[in-house]
Amino acid sequence: MIGGGPGGLTAAIYLARFRRRFQVIDAGRSRAALIPTSHNHAGFPEGINGKTLLARMAEQARKYGAHIAADTVTQLVRRSDGVFLATIDAEQIAARTILLATGIVDREPALPDVPDAIQRGLVRHCGICDGYEVLGRRVAVIGHGSSGINEALFLRTYTSDVTLLSLGCPLSLSEDERGQAAEAGIRVVEEPVARVVIEGDQIRALAMSEGDPRSFDALYSALGSDARSDLVRSLGTHVDDKGCVVTDAHQRSSTDGLFAAGDVVRSLDQISVAMGQAAIAATAIHNRLRGMPAPKGSPNDTLSFSPQDLCTWSNSI
């Protein structure tokens, strides 16, 4: 079923209202909790803080009887009869179905105190989420190869002042990509970043190993991310070249009874997408379980996992 992020909590709301018995396991480290303010989440014209959104969703799920436990799953196996066994501490929980909403882990730049900088909105990861907030401002993108240049080109939607930084690693740009950067007026800097200078609530300068410091109003990290799918790989679940779980139109994976939703599935890494996939998955789970008894040894029909509980690594947020 789900985890402690927007996808997991959406599924919890649906399954609770479907009158299913289930458990959400949440380690409390959802990427959504790092969002200072989301301005593109529908229904919040003034924006909403990530932690506030998660708290409201958890409250709504609990209103209908959802049980959300702060814990970590360390192992997941599937018995020959199709029942899943999830290990939490020394205890095993049996479940007929599982919704994996484990998300991704961003690869962070080697800069000082990145977690604090993210929560303060000084380091950003998603131009789709908050590119509008950098209209006409000076923007730096840290990235290598296609991911870096693609993010820089995307941000040209909002500003003409974009610089691509490599942190000293080879940019590995093709001639065509270098041509695109030049045509778009994107500056390319390959010398390493020595330190970040923060003034007030903005990153104002990056000191290079050579030359003068360069000043920017916003810094985007485009170093990629890793899918939190390690736990289900032992089940032989089909994942793609990024490690994301491959699902069908009903969010079913190649492992019977295992569903996945959110950033752990390759798609647009957005809260709204995770919530939509979770609604589809929860409904499919409910339809699958109708008339089926709960597995022996557990009061649960469905076991819901948070991103941090199951794996370790899509930009949602």
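Just above sits the structure.
Basis of the calculations
Residues numbered from 1 in each chain as written. Predicted model: local features only at pLDDT ≥ 70, side-chain atom pairs only at ≥ 80, totals over all residues. Heavy atoms only, no water. Pairing = 2+ DSSP bridges. Helix = DSSP H or I, 4+ residues; strand = E, 2+ residues; numbered from the N terminus. Contact = heavy atoms within 4.5 Å. Axes fitted to C-alpha atoms, helices over the stretch in contact; angles between N-to-C directions. Buried < 20%, exposed > 50% of the residue type's maximum accessible area, 1.4 Å probe, protein only. Polar contact = N/O pair within 3.5 Å; in protein donor to acceptor, adjacent residues only side chain to side chain. Arc of directions from axis to C-beta. Phe/Tyr/Trp six-rings, centres within 6.5 Å; stacked < 30°, edge-to-face > 60°. Lys NZ or Arg CZ within 6 Å of the ring centre and 35° of its normal. Core = buried A, V, L, I, M, F, W, Y, C linked by side-chain atoms within 4.5 Å. Parallel < 35°, antiparallel > 145°, perpendicular 65-115°, else oblique. Left-handed = near helix turned anticlockwise from the far one by under 90°. Nonpolar A, V, L, I, M, F, W, Y, C, P; charged D, E, K, R; others polar.

A. Representation of the sheet that holds strand β8 (residues 123–124). The 5 strands lie next to each other as β8-β14-β9-β10-β11, forming an open sheet whose pairing is parallel. In this open sheet, the two strands that pair with only one neighbour each are β8 and β11 (187–189). As judged from the 4 bridges shared by strand β9 (residues 139–143) and strand β10 (residues 162–165), these two strands associate in the parallel manner. Along β10, the bridge assignment pairs A140 with T163. Along the sheet, helix α5 (residues 145–155) makes contact with β9, β10 and β14 (218–222), crossing β9 at roughly 160°.

B. A look at the side chain of T159. Positionally, T159 belongs in the loop between α5 and β10. For T159, a relative accessible area of 4% gives the class buried. In this structure the side chain of T159 is engaged in a polar contact, spanning 3.1 Å, whose partner is the backbone nitrogen of D161. The contact partners of T159, leaving out residues within four places of it in the chain, are V134, G136, R137 and V139.

C. Local environment of α5. The set of residues buried in α5 consists of G145, G148, I149, E151, A152 and L155. Projected onto a plane normal to the axis of α5, the buried residues spread over an arc of 160° and lie on a single side. In this structure, the buried side of α5 is in contact with α4 (127–130), β9, β10, α6 (175–184) and β14.

D. View of the packing of aromatic side chains. Tallying each qualifying case throughout the model produces 2 aromatic pairs. It is R17 that lies over the ring of Y64; its NZ or CZ is 4.9 Å from the centre.

E. Molecular detail of the nonpolar core. Counting residues in hydrophobic clusters, the biggest one holds 29 residues, and the most contacted among them are F22 and L99. Looking at this core, the elements with two or more residues in it are α1 (6–17), β1 (22–26), α2 (50–63) and α8 (271–289). No other element matches α8, which puts 7 residues into this core.

F. Quick look at the environment of D263. Within the element layout of this structure, D263 appears in the loop between β16 (258–260) and α8. A relative accessible area of 7% places D263 in the buried class. Along the sequence, D263 and G28 sit 235 residues apart, while their C-alpha atoms lie 17 Å from each other. A distance of 2.9 Å separates the side chain of D263 from the side chain of R31, its partner in a polar contact.

G. Structural view of the packing of α1 against α2. Remark: α1 packs on α2, axes separated minimally by 8 Å, with the N-to-C direction vectors making an angle of 20°. With respect to α2, the element α1 is oriented roughly parallel. Between α1 and α2 lies a crossing of left-handed hand. Across the interface between the two elements, P6, L9, T10, A12, I13 and A16 from α1 touch L54, M57, A58, Q60 and A61 from α2. Across the contact of α1 with α2, the residue classes break down as 9 nonpolar, 2 polar and no charged.

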